[in-house]
Amino acid sequence: ILVDACSKSFLERSPQGALQGSDLQNKDGIEALLVGSYAALDGQSSGTTALNGGNPWEAAPSNWIYGSVAAGDAHKGSDATDQPPVSQIAVGNFDPSNGFFNTKWQVLFEGVSRVNTLLSLLPDATGMTDAEKTGVKAQALFLRGHYYFELKKMYDKVPWIDETNMEDYKQPNNVDIWPKIEADFQFAYDNLPETQSSVGRANKWAAACYLAKTYVFEAKWTAAKPLFDLITTKGQTSNGLPYGLTDRFEDNFDPAAKNNKESVFAIQMTANDGTGSIANANQGEMLNFPYNSPFGCCGFYQPTQDLVNSYRTDATGLPYLDDYNDHAVKNDMKILSTEPFTPDAGNLDPRLDWTVGRRGIPYLDWGNHPGRSWVRDQDYAGPYAPKKNVYWQYNQDKYKDPNSWAPGSALNIVLIRYSDVLLQAAETEANLGNFGTAETYVNQVRTRAGKPATAVYKYTNDATPMGGFSTTPAANYVVAPYPAGTFATGGKDYALKAIYFERKLELAMEGQRYFDLVRWGIAATELTKFFAYESKITTDITGGKFVSGRNEHYPVPQRQIDLSVSGSSKTLEQNQGY
Amino acid sequence: KVTDKATGNPLPGVTVAVKGSNRGGATDPNGHYALQAKKGDVLVFSFVGYNSQEVPVGDGPTVDAVLAEKIGSLDEVVVTGYAVQRKKDLTGAVSVVNVEQITRQPTAQVSNQLQGQVSGIMVLGSGQPGEEPQVRIRGVNTFGNNTPLYVIDGVPTQNIVDINPNDVESMQVLKDAGSASIYGARAANGVIIITTKKGKAGKVRVTYDAYYGRQVPKGGNVWHLLNSQEQANLKWMALKNTDPNVVYNDGLYGSGATPVLPDYIAPGGLKEGDPGTDPSLYKVDPYYKNPSDLDGFYRITRANKQGTDWFHEIFKPAPTTSHNISVSGASDQGSYFLSFYYANQQGTLKNTYLKRYSIRSNSSFNIAEHVRIGENLEYSVIDNPQIDALTEGSGIGMAFREQPIIPVYDIKGNYGGSFSTNSAQLGNARNPVAIQDRIRNNKGIGNRLLGNVYVEADVLKVFTLRTSFGGEVFSASTHTFTFPEYENAENNKVNSFTEGASSGYNYTWTNTLTYHQKFGRHNVTALIGSEAYDNHGRSLTGTTQSYFIFDPNFTNLSTGTGTVTNGSGTYSDGLFSLFGRVDYSYHDRYLLGAVIRRDGSSKFGDNFRYGWFPAVSAGWRISQENFLKDVSWLSDLKIRGGYGIMGNQLNVESANAFTQYGLNKGSSFYDLNGTSNTLVSGFTKTHIGNPNAKWESNVNSNIGIDASFLKGKLEMSVDYYSKKVKDLLYKPEISATAGRTDPPTVNIAQMENHGIDLSLTATGLHLTKDLTMKANATLTTFKNKIVAISYDAPYFDQESRRFNGSFIIRNAVGQPVSSFYGYKVIGFWNSTDEINAANDEAEKATGVTGAEYQSQAALGRFRYADSNGDGHITEADRTFLGNPNPDFSYGLNLELDYKNFDFTIFMYGVQGNEIWNQVRWWTDFYANFAGAKSKTALYDSWRPDHHNATAPIQENGNSFSTNNVPNSYLVENGSYLRAKNIGLGYTLPTSALKRIGIDRFRIYVQAANLFTITKYKGIDPEISGGTTNFGLDEGAYPNQRQYLVGVNVGF
């Protein structure tokens, strides 16, 4: 007995370095759990891993693989066998055992789970008023709405887990979750304040935009319209800036200009934040910099010729909506950097040169892009480099994070920016037959593209790119709004085509296009054209195709289906066609 | 006087003791001894290699003894769990290690020495100095930690990395429940009992054992790589295969029909005399501080047109040496043993080495007639920085990837590398020499004090009371400096210094009471005991960035100017146990053993804190029965069997029972205020608790036969066992809908193992009068099968490496652990007709118009087997491609003695396993990163005129049908037979040495790993890895050939 009594206390040991749930049921603890719920937005863990332990880029919140590479915005890039899972996605071969789909799924559900954990501890928290609890809950539901929105657009068939069924986490995915997503955003919209103490927090208008975007994805145009009407007149950012477009297109991709009036909701990134890693420094984009360049790594995400050609404008400054590939932009394929090359002299939309790095054009303040010597394998993935995710040289000590084998940066991932909202509003109006309003929205976007601040200029001296820019445009930029009445004259099909094309130009390389193509129902035609054209230029997408009836959604990860066994049956079912 | 029975010569050094007392002495060189004894006392004469003899003291002043050389080992006394037993009385499966035999292996690790020497143990090592090999007793028992429990002089520990092999007196391996269950909760992986040396009665003995050797890396083109021109030719071939109308315009090789090697690779493609190669332009600061300085560098590097042999640039012959001195003795007051050991094995891989120092002091004191006090202590220091081999990115892994045209150094003696300008496409491998040079100031030093003090008292003649307090105190420190790189395509630009330290202690307090009595034909030994184990530790790590200079005398955590990060951890766990055992024999014929143990562990919640681990075993020495008494060639025959339960609690974290919350700057902090550099702290759930976890139980049955023939000249032991591991503690992946919080460890998985252990020993075989032979052979087989993994998925995957996200290894129900998984290659697509025919079949089978048999099928690519017969290739056609667990492993020791010469040979082999040769993924496919490629890729890949090829068509692209998915191309036969050790020794005649006071002087020469017979194409077929993911070769640190000379001297 003595021995046993002694051994009982001897064998009782407390966990080391850990908290219990009850420690957190107070105002500070709840606030910390809320911050933890925001922290899952970037999908990244400590070290060079995603939240599930996979590679950072598999969970990139920008969706550069799932939204842009898959849609023909860009090639995978790099060497042939560098990241073959991306190659498979690029050619439309969506294999349910492709680990990337599993990573994205796991990381998004980690976000859901953090919110649910918070919500389960919130009701009994002490030292908080009901209003404070509602404020926290509204932010939490905004975040949960976002995580589920991502899941829904990626995988379509998604199980719903919330704070009421957390313990019973094997739920079926045979019920449409759009209504639940709407409910989360609606609660957020109803309960969030217009401005917040911290710019990173979601506010009422961000919730309005996300709710409207949900309606757009559901093609609920009449539900969306009143929201857009409010947003475009009263909307403001968390830090109280009325929504608007920045004069300089590049401000949306410059860490020094982050959280501006166009930034509706952004994932806040840091650099040199004391972690000694790039975990909070836009780690998902770490591969997407030119190779053998000052950036070091890794030569991925090379824009396609098809995308570049889309920026060709006609004499009136309008795009070639159908036959842009017949007006191809000159490239430097097969030409060594030591051999001479003169860039294309035709009319171009200046957004091209903030979106794509191409030979002979200033690559921010890093010098004129040298062409092939910054490309890992031109035959394989073409001559271009990504640009929207690249930081500037002059302030790189502040915004670049060198704490990994590839760079991180404090460039935010803007989940919703105001030009995206305007184009959704345009789409809504066009679908409702209000072509004039639709055209006005589109023209706001095009007008900004034509502002002098949005042109790229030649350096004053090519040898010292940080020495500043001249007033000579780097290319022949010609861009103009649609003449009044064009949409009304063209009718609904024309208006929608113009809006769709404007989204391509404005939001290229921002992880959006694949989901747009699918919801517009034109993925098969657009991608078939794309593969036919682009595969003549590079070797990487040979055999690429869009399989109708299957590729509209990514597969539910095979591993997750296998893990969903309850009793003897699997609770998760696969999407059609897999 | 003591003499030898066979020759009549006097025997020096024989221990003579008065039975039941502590008085004793030893014979002098003439076989004489002197001792105080009275009539009726019994003198015990014992000597290594001879049968001991008891002679009662009569009336006379002298007692002579004639000792006979021992043949056979039946009377050997062996240490088992908390007890000693005669070998012939054993009822459990216990292997007794021949210590003399194993210490011939020239390695500082005891565990390495065990390979092939004992049946039932698998040891998988590498050539890296100090790398602790995987030791598995009777196969894989769990998905987690499979390390056996080591009990050193009664002190349990999981680690014997620092035990001085020269100190080992005896070693026993307890393999079944009958023998091991006495260690209850920690017995499931098997138990190895090590007893260290004690002083022996007689004069002071001094021994000195030393060797010096040279290790020689494998010669030749170990990975069969191309030279620089061939590498260029392969590129031309691959580009043409990809696009028949290719227009060559290459940054390095020009635009002609045949590639021409440039004079310079940086700036890419320049010829001698080009103004771009003017040395005055050169600018590289190898010790740059600011990352952006790198942008201004101007590198000038000549092409190495012959090709750099990267393997031999980093692997060089290296020395190894070992010295051991011991001093020992005993008198009736006690005994002492003191040793000092120094070993220094330089690695053949640059800047790897093992330096070891250890001192041991074992002593015992007879403080009263029936009371003994003693201690065993070893203090050791190990200086052993190691590299991570077998993974992408190590110096070895880069040595088969860095292109041969890259020289080790550029024109100014700084490193050459893959950094490319002018589209030179030198790949992304890193300079292996630079990698190895840059670890030169890194250290990893560990030290440990291990041992115990004990008191033993004999009470009432039949009882022995023993209490032992032992344990270990250890600490380790590491520091590494990360240099900035400048020569590679992808460079680390931040310099940093990292220092780590850990320390801990654990103690084991054991109390036992032993009862031993003989009643006529009944012989009973019983024991009860209690044991407490308490384990604590802490660790600390810090990193500081940005140093002003990189001098190791300057760099420490406080002298950097940049970001500082730090961290620490603690652990604490304990066990409390009660146990008992009974061994009973009747008439030396019928043997019975029973053990039971009750363990309590702090790692489990209240509900299942305690576990019971019983076992019974029995033996029948049939040879003692009358009907076999007359069979003269049969000396002994015993059948034995046992059944019992062993436990395991290694594979569960201390706080598994609790749901926990925590924080992490990388994953739970967030820049809520949009500052770009300042995080707000946040928390998340970090672990889901499971208060219901309980013990793993390993249900074990064993049946064995021990036989001894020809008066013990031939001995055989064979065991069949089967193990069912139930309630395996495992952390199954759970559905992502539960979040990515660390899931709890649960008792869910199951595994089965069965196999045969066989050993055969022949001793004292006189081939001629002077030529004697000893031999022993061991055979180990085990078959492992996973029975259950989780309630959910019946498999878990590991090791995706560079594939498309599907994995190389699948641990699945019904399969052995670490099975290889993927598509089975059944040939090449040799014609478009073949492809069309297959597609037509696929259309018919699937009913889908336009269906393809196989995605991205094309000429010269792999054709995969339609494993499920559904007419087309889908992920469901992946199948099990191989098993890294051998069917059996075997060892053969042969020893020949001729006069003063001795010759030994030890062969070791494994049979029936496969290896996944991931090296060939890098070298046999042109497109798999622009790196060094193999002769196979250039000369034996598929071409329209070469269908009977090894590798598929070389292309500049990736496809499902070649290099994107794990397939059987990379699976190879891993069987091998290796001459582990061949030695020749000469012992100087004693007569000559006596005059200078030397008892024994032996010199020897030895060759280790002299040859290996294998079909494996990689560098070394001995490939280890993790517990559930082994057998993958991505650049092994190979075992080396070693040549040694050594001496054994005794004073």
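Residues numbered from 1 in each chain as written. Chains lettered and ligands numbered in written order. Predicted model: local features only at pLDDT ≥ 70, side-chain atom pairs only at ≥ 80, totals over all residues. Heavy atoms only, no water.

S.K.: I'm lost on the sheet that holds strand E9 (residues 94–96) of chain B in this one. Help?
M.R.: Backbone-to-backbone hydrogen bonds pair the strands of a sheet. The strands run either parallel or antiparallel. All names here are of chain B. An order of E9-E14-E15-E12-E13 is seen for the five strands of this open sheet, with the pairing classed as mixed. Strands with a single pairing partner mark the edges of an open sheet, and in this sheet they are E9 and strand E13 (155–157). On average, adjacent strands in this sheet sit at an angle of 20° to one another, irrespective of strand direction. (Pairing = 2+ DSSP bridges. Helix = DSSP H or I, 4+ residues; strand = E, 2+ residues; numbered from the N terminus. Axes fitted to C-alpha atoms, helices over the stretch in contact; angles between N-to-C directions.)

S.K.: When you look at the sheet that holds strand E5 (residues 53–56) of chain B in this model, what are you seeing that I'm missing?
M.R.: All names here are of chain B. One open sheet holds the four strands; their spatial order is E3-E2-E4-E5, and the pairing between them is antiparallel. Both edges of this open sheet fall to strand E3 (24–26) and E5, since each of them pairs with a single strand only. Adjacent strand axes in the sheet meet at a mean angle of 20°, parallel and antiparallel pairs treated alike. The sheet contact formed by strand E2 (residues 15–18) and strand E4 (residues 42–46) spans four bridges and is antiparallel.

S.K.: It is not clear to me how the pattern of salt bridges should be interpreted in this structure. Could you clarify?
M.R.: Any two side chains of opposite charge can pair, on the condition that their charged atoms come close. All names here are of chain A. The final tally for this structure, using the stated rule, is 99 salt bridges over all chains. The salt bridge involving Lys 220 is made with Glu 218; its shortest N-O contact spans 3.4 Å. On the basis of relative accessible area, Lys 220 is assigned to the partly exposed category, the value being 33%. We note a salt bridge from Arg 351 to Asp 349, for which the minimum N-O separation is 2.8 Å. Classification of Arg 351 by relative accessible area gives buried; the value is 0%. Owing to a relative accessible area of 1%, Asp 349 belongs among the buried residues under this scheme. Salt bridges linked by common partners bring Glu 262, Asp 349, Arg 351, Lys 388, Arg 417, Arg 446, Arg 448, Glu 502, Glu 506 and Glu 510 together as one network. (Salt bridge = Lys/Arg side-chain N within 4 Å of Asp/Glu carboxyl O. Buried < 20%, exposed > 50% of the residue type's maximum accessible area, 1.4 Å probe, protein only.)

S.K.: I'm lost on a nonpolar patch on the surface in this one. Help?
M.R.: Residues and elements named next belong to chain B. Among the surface-exposed residues, Ile 325, Phe 340, Tyr 357, Ile 359, Leu 377, Tyr 379, Leu 449, Val 473 and Tyr 505 lie close enough to one another that they form a single nonpolar patch of about 760 Å² accessible area. If you list the elements that add at least two residues to the nonpolar patch, you get strand E21 (353–368) and strand E22 (371–383). By the element assignment, Tyr 379 lies in strand E22. (Patch = residues over 30% accessible without salt bridge, like charges linked within 9 Å, V, L, I, M, F, W, Y side chains within 5 Å. Areas by Shrake-Rupley, 256 points an atom, 1.4 Å probe, with all protein chains shown as cover.)

S.K.: Could you clarify how one ought to interpret the packing of helix H5 (residues 99–121) of chain A against helix H6 (residues 130–155) of chain A in this entry?
M.R.: When two helices pack together, their arrangement is given by the angle between the helix axes and the distance between those axes. All names here are of chain A. For the pair H5 and H6, interaxial distance at closest approach is 9 Å and the crossing angle is 160°. When the axis of H5 is compared with that of H6, the two are roughly antiparallel. For the crossing formed where H5 meets H6, the hand is left-handed. Listed contacts from H6 to Phe 101, Lys 104, Trp 105, Leu 108, Phe 109, Gly 111, Val 112, Val 115, Asn 116, Leu 118 and Leu 119 of H5 are Val 136, Lys 137, Ala 140, Leu 141, Leu 143, Arg 144, Tyr 147, Tyr 148, Glu 150, Leu 151, Met 154 and Tyr 155. (Parallel < 35°, antiparallel > 145°, perpendicular 65-115°, else oblique. Left-handed = near helix turned anticlockwise from the far one by under 90°. Contact = heavy atoms within 4.5 Å.)

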